[in-house]
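# Working through the structure, step by step
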Amino acid sequence: MGRIVALDYGKKRTGIAITDELQIIASGLTTVNTPELIAFLKKYVAEENVERFVVGEPKQMDYTPSQAEELITPFLKHLGRTFPDIPIERQDERFTSKMAFQSMIDGGIKKKQRRNKALIDEISATLILQAYINKR
């Protein structure tokens, strides 16, 4: 089995999480600047066995797509062209940023560190991936 890579795609930054090779545990990997994302993924896929990508799907409370989906759609096409042999799936990402922030508070992370938006993005990607694993 290969790893599953989850992306919390954003205009400026993208949080990345991965599973272990048995696809049991989701762990935060890093946050990269979005313009550098494809280059980062090319390097990662060359070094690791990646079975699929899971990309967060931002939705409104009424399940309609959020405005952020306009940014994600072209990225999904680019990702699919770059990695044609790796399937791409979507996972509802509502509330992940709020849950990530709360997990930082619950984990005792200091207030200054909680302002680190890159860390929030990485935790959000981890939550997206864990939700994906749990529904399988």
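Summary of the structure given here. What you are looking at is a predicted structure, and each value in this text was computed from that prediction instead of being measured.

## As for the side chain of T19
Mapping T19 onto the fold places it in strand β2 (residues 13-19). Taking the relative accessible area as the measure of exposure, T19 reaches 1% and is therefore buried. A distance of 2.9 Å separates a polar atom in the side chain of T19 from the backbone nitrogen of I4. Apart from the residues within four sequence positions on either side, T19 is in contact with G2, R3, I4, I25, L129 and I133.

## Digging into the pairing of β2
Across the seven residues that make up β2, a large majority, six, are buried. Two elements, strand β1 (residues 3-8) and β2, share four bridges in a ladder whose sense is antiparallel. Within β2, the residue paired with D8 across the bridge is G15. In textbook terms, the turn of a hairpin is the stretch between consecutive antiparallel strands, and for β1 and β2 this stretch comprises four residues.

## Description of unusual backbone geometry
Phi at Q23 is positive, roughly 60 degrees, even though this residue is not glycine. On the secondary structure map, Q23 appears in the loop between β2 and β3 (26-33).

## Topic: the nonpolar core
In globular proteins that are soluble, nonpolar side chains generally tend to be buried together. Core analysis: the largest hydrophobic core is formed by 19 residues, its most contacted members being V5, L7, L37, L41, F53, F75 and L79. Among the elements of the structure, β1, β2, α1 (37-47), β4 (50-57) and α2 (69-82) are those that each provide at least two residues to this core. Here F75 is in contact with L7, Y9, L37 and I38, once residues within four sequence places are set aside.

## Describing the sheet that holds β1
Here we have five strands laid out as an open sheet, ordered β3-β2-β1-β4-β5, and mixed in their pairing. The open sheet has two edge strands, β3 and β5 (88-92), and neither has a second partner. Strand-to-strand, the axes of this sheet are offset by a mean angle of 25 degrees, without reference to chain direction. Sheet strands touched by helix α5 (residues 117-135): β1, β2, β3, β4 and β5. Its angle to β2, the strand with the most contacts, is close to 40 degrees.

Analysis parameters
- Residues numbered from 1 in each chain as written.
- Predicted model: local features only at pLDDT ≥ 70, side-chain atom pairs only at ≥ 80, totals over all residues.
- Heavy atoms only, no water.
- Helix = DSSP H or I, 4+ residues; strand = E, 2+ residues; numbered from the N terminus.
- Buried < 20%, exposed > 50% of the residue type's maximum accessible area, 1.4 Å probe, protein only.
- Polar contact = N/O pair within 3.5 Å; in protein donor to acceptor, adjacent residues only side chain to side chain.
- Contact = heavy atoms within 4.5 Å.
- Pairing = 2+ DSSP bridges.
- Core = buried A, V, L, I, M, F, W, Y, C linked by side-chain atoms within 4.5 Å.
- Axes fitted to C-alpha atoms, helices over the stretch in contact; angles between N-to-C directions.

By themselves, these figures tell us nothing about what the structure is for.
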